[in-house]
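Commentary on secondary and tertiary structure
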Amino acid sequence: MFNIKDKLTVEDVYLWMDGGTVTLVMQDQSSQTCEIEFVQKVSLKRYDHLPRPGSLLINRKEVEVRSELEKEILIAVQGAEWGKGIKEEDKNSFKRIIEDCIDFVKSERYRDLAQTHI
C-alpha cells in the first residue's frame, strides 16, 4: 500500500498537451508507486467521463477539495526528491511547473472552480 506520508521520490513527470495537466509518478520508501495528477485548468468545460477541470487526482480518483488527503498530497509533493531517471537539466523547469500546480490547488480560484463543477 502506498504511503503518502513517506519521503517520496518523483520517478517521472508527464506534461500533457490538454491545457496543462501534469502527472507525477511517485514512489514511496517501500518502492510502491502512485500517480498524482493536477488536471488542466485552461478549458473549464466539464465533460462526461473526464476529471473535473482544475482537479487533483491520486491514482485517477478525485481528491476532495480542502481535505486532509489534499493537504498530505501537497506536502508530500513539495518535499519529494528527484528520482535518478529525471535529467538534471529538466529539474528546474519541472520544479517551477509543480510549484505552479501546488499554488493553484491552494488558491481560492481552485476552490471556486471545484464548487462550480460539482
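All residue numbers here refer to positions counted from 1 along the written sequence of the relevant chain. Reporting in this predicted model follows two pLDDT cut-offs: at least 70 for local features of residues, and 80 or more for side-chain atom pairs to be given and counted; totals over whole chains, interfaces and linings ignore these cut-offs and use all residues. Side-chain measures were taken over the full set of non-hydrogen atoms in the model, leaving aside hydrogen atoms and water.

Here's the deal with the pairing of strand β3 (residues 33-38)
Pairing between two strands requires that DSSP report at least two bridges joining them. In DSSP terms, a helix is any run of H or I states spanning at least four residues, a strand is any run of E spanning at least two, and both are numbered starting from the N terminus. With six bridges connecting them, strand β2 (residues 22-27) and β3 associate as antiparallel partners. Its bridge partner lying in β3, Thr 23 is registered against Glu 37. Where β2 folds back onto β3 in an antiparallel hairpin, the turn is made up of five residues, including Ser 31, whose phi is positive at roughly 65°. The pairing of β3 with strand β4 (residues 56-58) spans three bridges and is classified as antiparallel. Within β4, the residue paired with Phe 38 across the bridge is Leu 56.

Let's talk about unusual backbone geometry
Positive phi values are uncommon outside glycine, yet Asn 59 reaches one of about 50°. For Asn 59, the location among the structural elements is in the loop between β4 and β5 (61-62). The class of Asn 59 is partly exposed, set by a relative accessible area of 43%. The phi dihedral of Arg 60 falls on the positive side, at around 70°, and the residue is not glycine. Counting through the fold element by element, Arg 60 comes out in the loop between β4 and β5. The classification of residues rests on relative accessible area computed with a 1.4 Å probe and restricted to protein chains. Under 20% of the type maximum is buried, over 50% is exposed, and intermediate values are partly exposed.

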